[in-house]
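Secondary and tertiary structure notes
Residues per chain are reported as follows:
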Amino acid sequence: MARLDGKTAVITGAADGIGHAIAEAMAREGAHVFLGDIADSAGEDFAAVLRAAGHRADYVHCDVSREADIAGLIDSAVKKTGRLDILVNNAAIAIGGMPVHEMTDEQWHRLMSVNLTSVFRGCKYALPHMIAQKSGSIINMASAQGHIGLDGWTAYAGAKGAVMAMTRQMAVEFGPMNIRVNSISPGTINTPMNDRLIKEIGGNLAKAWVKMHPLGRIGEPSEVAEAAVYLASDAAGFTTGTDLRVDGGLTAAPRYVPELL
Ligand SMILES: NC(=O)c1ccc[n+]([C@@H]2O[C@H](COP(=O)([O-])OP(=O)(O)OC[C@H]3O[C@@H](n4cnc5c(N)ncnc54)[C@H](O)[C@@H]3O)[C@@H](O)[C@H]2O)c1
């Protein structure tokens, strides 16, 4: 028996990167996955590939900065399967690389809308179904940046820190209803988000990332997906309110790397 047999999972930002890997892993483990994203043709194609492999998958357009889209994504999953077991609030954007005093209000609000308000709304629309069902697992994507400092990323880190705080609060509030709420903090992962940052920032960024991780490499999306499958599964039945770091030791290490100076 697969680890998520019979479960319905909603994953945001599922057309690419970490969300894509989570959706693939959860589908492989038997879940009916509902993929939300703004990259419609990539999302539709991905759902079709999963179905062709014998999995259950649907793509639904969902811009997580729009409340109605999030409500619609969750509604589609519940209408089609009659349940909601797993919500992965994964979608986020990377606006940063500038000091606080050079960030515009517009950039701040955009980042908070996509990276933080989306988590509130995902939970807001998922919880009534999970409460009625008396079970559920919510997984919020945080980041190593919510644990340690990195020049230029105050707003992103602020949103991720808030995601972890909200995770703990909801774990306490909804634990009595058998709803588990956890977060994952990835270190640097090999995704399009980071490909874009390497192009934008250039220099020794890719090399520095490798050096910063005690395991001597960056991570793969499938390694974060394994953590998500675990947290979503009954094997994690007594795990709630935690943040699982999948970061190659990044947050256990000092940032001082002499050979890069
Ligand atoms: N890649 C890393 O190193 C890393 C490290 C720590 C945390 N994270 C977190 O992991 C999550 C996924 O990151 P990633 O690297 O896979 O990103 P990515 O940019 O590679 O992929 C993100 C996906 O989200 C989608 N998306 C973007 N804006 C959206 C919106 N408004 N609504 C819905 N979908 C939207 C994109 O189309 C894409 O499919 C994010 O929460 C990110 O903050 C990533």
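Residues numbered from 1 in each chain as written. Predicted model: local features only at pLDDT ≥ 70, side-chain atom pairs only at ≥ 80, totals over all residues. Heavy atoms only, no water.

1. As for the site of the ligand
As a matter of local geometry, the ligand sits amid 29 residues, with Asp 37, Asn 90, Tyr 156, Thr 191 and Asn 194 nearest to it. Here an oxygen atom of the ligand sits 2.8 Å away from a polar atom, N or O, in the main chain of Ile 18. One nitrogen or oxygen atom from the main chain of Ile 189 is found 2.8 Å from an oxygen atom belonging to the ligand. Counting only elements with at least two residues in the shell around the ligand, the list comes to α1 (17-28), α5 (154-174) and α6 (192-201). For the shell around the ligand, the element with the most residues is α6, which contributes 4 residues. (Near = heavy atom within 4 Å. Polar contact = N/O pair within 3.5 Å; in protein donor to acceptor, adjacent residues only side chain to side chain. Helix = DSSP H or I, 4+ residues; strand = E, 2+ residues; numbered from the N terminus.)

2. Some remarks on the sheet that holds strand β5 (residues 136-141)
In space, the 7 strands of this open sheet follow the order β3-β2-β1-β4-β5-β6-β7, with parallel pairing throughout. Two strands lie at the open edges of the sheet, namely β3 (56-61) and β7 (243-246), each paired on one side alone. Geometrically, the sheet is characterised by an average inter-axis angle of 20° between neighbouring strands, direction not taken into account. Alignment of strand β6 (residues 179-186) against β7, held across 4 bridges, turns out to be parallel. Looking at the pairing, Pro 186 lines up with Val 246 of β7. Along the sheet face, α1 touches β1 (8-12), β2 (32-37), β4 (86-89), β5 and β6 and points at about 170° away from the line of β1. (Pairing = 2+ DSSP bridges. Axes fitted to C-alpha atoms, helices over the stretch in contact; angles between N-to-C directions. Contact = heavy atoms within 4.5 Å.)

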